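Given next are the chains, with one letter for each unit.
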Amino acid sequence: MEKELISVIVPCYNEQEVLPLFREEILRVSSEMTEKHPHLEFEFLFINDGSRDKTLEILREYSEQDSRFRYVSFSRNFGKEAGMLAGLENSKGDYVVIMDADLQHPPKLMPQMYEYVSSGEYDCAGTRRVTRKGEPKLLSFFSRSFYKVINKISQTYIVDGAQDYRFMTRQMVDAILAMPEYNRFSKGIFSWVGFRTKYIEVENTERAAGKTTWNFWKLFMYSLEGIFAFSTAPLALSVVVSMLLFVLAIVFIIIAVVNSAEYLAIIAMVCLVGGLNLFCMGVQSQYIAKTYMEVKDRPRYIIGETEELYKKRKER
Ligand code: UDP
Ligand code: MG
């Protein structure tokens, strides 16, 4: 049987504590898979997203010991979205799987994902959280509301609880890479490209070691990113709101005139209209800002080092 390569992509930001655990686990699972399917080969592609700990040193060491371990190291922190993109762009596999370094995306699900996709029945297998155990209540509430809102106002359906843990065919990866946008919201991109996706339902898993870099504010901004990147409904919203306001203003003026309390009404209206004006401008400026970033078309990430560059540098 012809050889098939699976690329495992792992974005890493300050993951020195968890990397040894991850390596052990991924090696265990991948050798299990090659035992069962001897035609399978692996490459493990780590993206060092400007870590400030020993992540890069550890990755260098791994790649020196085992040539299947590769890495792309950014010149600074560009965020997980850029990390995933760099992984996809630099992967060579017939299949590509993206997973977190902290073992919250258990590598042991990979064999099952491979079966789904290699059977030809699906193009992608991903995981979906069915519980939000261990997550703050308020955060769960906001997450749920986010999915409700975005699925109401965007044509792209985003599955609630779907994670970034995905096993895909090369065709799907190429489709994702054909989307060149600067403001990347992977959850939307994955579903926009279509393809048949199998969701494996999982429980929430705790991080194996180290700590998360996400907080409420970052998640909130990320959800706005999703809305502005995949829907233009907020633009229409501002038009509807301003029309309503116009009607309201007329009603208020009539009431004020009848009761001869004009000055109160005027002050109220000035505040209201002024506030809403600013709100609508705010919404518009979001899209202008996004357009600005797209037009500038800056690189999504900058590579500072890879295992190949490092080897060459050392040989000299
Ligand atoms: N990550 C990254 N760049 C960042 C932040 C995170 O590459 O700026 C990686 C991180 O190393 C991990 C994955 O993205 O492999 C998920 O991050 P984390 O576990 O902090 O997020 P959570 O699981 O809490 O959503
Ligand atoms: Mg995590």
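See above for the structure.
Nothing here was measured: the structure is a model prediction, and the numbers come from that model. Counting restarts for each chain, with residues numbered from 1 along the sequence as it is written. Each chain takes a letter, starting from A, and each ligand takes a number, starting from 1, following the order in which they are written. Local features in this predicted model are restricted to residues of pLDDT 70 or higher, and side-chain atom pairs are both shown and tallied only at a pLDDT of 80 or more, whereas totals for entire chains, interfaces and linings draw on every residue. Hydrogen atoms and water are omitted, and side-chain values are computed over all heavy atoms in the structure.

Things to note about the pattern of salt bridges
Phase 1: In what follows, salt bridge is the name for a side-chain nitrogen of Lys or Arg lying within 4 Å of a carboxyl oxygen of Asp or Glu. Counted by the stated rule, this structure contains 16 salt bridges.
Phase 2: The residue lysine 36 makes a salt bridge to glutamate 115 at a minimum N-O spacing of 3.5 Å. Note that lysine 36 is positioned in helix α1 (residues 19–36) and glutamate 115 in helix α4 (residues 110–118), a separation of 79 residues in sequence.
Phase 3: Only protein chains enter the accessibility calculation, which uses a 1.4 Å probe. A residue is then buried if its area is under 20% of the maximum for its type, exposed if over 50%, and partly exposed in between. For glutamate 115, a relative accessible area of 32% corresponds to the partly exposed category.
Phase 4: Residue arginine 60 pairs with glutamate 305 through a salt bridge whose shortest N-O separation is 2.8 Å. With arginine 60 in helix α2 (residues 55–65) and glutamate 305 in strand β8 (residues 303–306), this pair connects stretches of sequence that are 245 residues apart.
Phase 5: Assessed through its relative accessible area of 6%, glutamate 305 is described here as buried.
Phase 6: A network of salt bridges, in which partner residues are shared, links Lys80, Asp100, Asp164 and Lys187. Each helix is a run of H or I in the DSSP string that is no shorter than four residues. Each strand is a run of E no shorter than two, and both are numbered from the N terminus.

Re the site of ligand 1
Phase 1: A molecule or strand has a residue near it when one of that residue's heavy atoms lies within 4 Å. Taken together, 16 residues lie near ligand 1, and Glu15, Asp49, Asp102, Gln104 and Thr212 sit nearest.
Phase 2: Whenever a nitrogen or oxygen atom comes within 3.5 Å of another N or O atom, the pair is scored as a polar contact, on the condition that within protein one atom can donate a hydrogen and the other can accept it, and that pairs from neighbouring residues in sequence are kept only if both atoms are in side chains. Contact distances for ligand 1 include 3.1 Å between an oxygen atom and a side-chain N or O atom of asparagine 77.
Phase 3: Within the contact set of ligand 1, an oxygen atom lies 2.7 Å away from a side-chain nitrogen or oxygen of aspartate 102.
Phase 4: Reported accessibility uses the Shrake-Rupley method at a 1.4 Å probe radius. Residues are deemed covered only where the shown protein chains occlude them. With the chains in place, 86% of the 530 Å² that ligand 1 exposes on its own is no longer accessible.
Phase 5: Residues are sorted three ways: Asp, Glu, Lys and Arg are charged, Ala, Val, Leu, Ile, Met, Phe, Trp, Tyr, Cys and Pro are nonpolar, and all the rest, Gly among them, are polar. Along the lines of polarity and charge, the residues of the shell around ligand 1 split into 5 nonpolar, 5 polar and 6 charged.

Description of a nonpolar patch on the surface
Phase 1: Here, patches come from residues exposed beyond 30% relative accessible area and free of salt bridges, joined within 9 Å for like charges and within 5 Å for nonpolar side chains (Val, Leu, Ile, Met, Phe, Trp, Tyr). Taken together, Leu138, Phe141, Phe142, Phe216, Trp217, Phe220 and Met221 make up a surface patch of nonpolar side chains, about 720 Å² in accessible area.
Phase 2: Tallying contributions element by element places helix α8 (residues 216–230) first for the nonpolar patch, with 4 residues.
Phase 3: As for its placement among the helices and strands, phenylalanine 216 is situated in helix α8.
Phase 4: Among the residues examined, phenylalanine 216 registers a relative accessible area of 36% and is labelled partly exposed.

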